[in-house]
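Commentary on secondary and tertiary structure
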Amino acid sequence: MGSMAVKSEEKPVPVYRVLSAKEGVSVPFGAERRIYSSMVGRDSELNRLELQVMKAIDGAGSVVNMIGEAGIGKSRLWLN
Ligand SMILES: Nc1ncnc2c1ncn2[C@@H]1O[C@H](COP(=O)(O)OP(=O)(O)O)[C@@H](O)[C@H]1O
Ligand SMILES: [Mg+2]
């Protein structure tokens, strides 16, 4: 449906019409806030995060500080 400007992106992002709900998705009781779709466009950020987790597992200290505007996807990381 063309593209539109969004707060977090420099360039306009493509916009799509939702055609149907995803089939075969069952949400266990108590897991309503879990997200069943994949994260979009965050591969490099997720890789950086994974690297810090690996360092922590390896015994090296690791601190991650996540800062961003509302709606940028901070809470979503914990629900993945
Ligand atoms: N990269 C992304 N891919 C898919 N969905 C995203 C992404 N970033 C944010 N969202 C969605 O946008 C909404 C707002 O994200 P949220 O994690 O609540 O933001 P924040 O905690 O930073 O305010 C949620 O529905 C989340 O699933
Ligand atoms: Mg949040």
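Residues numbered from 1 in each chain as written. Chains lettered and ligands numbered in written order. Predicted model: local features only at pLDDT ≥ 70, side-chain atom pairs only at ≥ 80, totals over all residues. Heavy atoms only, no water.

**Examining the overall build of the chain**
- Along its length, the chain carries two helices and two strands.
- For the chain, the N- to C-terminal ordering of α and β elements is β-β-α-α.
- The globule rule puts the C-alpha radius of gyration for 80 residues at 12 Å, and the 16 Å found for the chain is more than 25% above it.
- Out of the 80 residues belonging to the chain, those deemed buried represent 4%.
- For the chain, the proportion of contacts with a sequence separation of at least 24, taken over those separated by at least 6, is 35%. (Helix = DSSP H or I, 4+ residues; strand = E, 2+ residues; numbered from the N terminus. Rg over C-alpha atoms; globule rule 2.2 N^0.38 Å. Buried < 20%, exposed > 50% of the residue type's maximum accessible area, 1.4 Å probe, protein only. Contact = heavy atoms within 4.5 Å.)

**Quick look at the site of ligand 1**
- Around ligand 1 sit twelve residues in total, of which Val40, Gly71, Lys74, Ser75 and Arg76 are the nearest.
- Taking Ile72, its main chain carries an N or O atom lying 3.4 Å from an oxygen atom of ligand 1.
- Take Lys74: an N or O atom from its side chain is 2.8 Å from an oxygen atom of ligand 1.
- Summarising the interface, the protein chains cover 65% of the accessible area of ligand 1, which totals 560 Å² for the free molecule. (Near = heavy atom within 4 Å. Polar contact = N/O pair within 3.5 Å; in protein donor to acceptor, adjacent residues only side chain to side chain. Areas by Shrake-Rupley, 256 points an atom, 1.4 Å probe, with all protein chains shown as cover.)

**Remarks on helix H1 (residues 43-57)**
- Counted at 1.5 Å a residue, the expected span for H1 with its 15 residues is 21 Å, and the 21 Å between its end C-alpha atoms agrees.
- Gly59 sits one or two residues past H1 and shows a positive phi near 105 degrees. (Expected span 1.5 Å × (residues − 1).)

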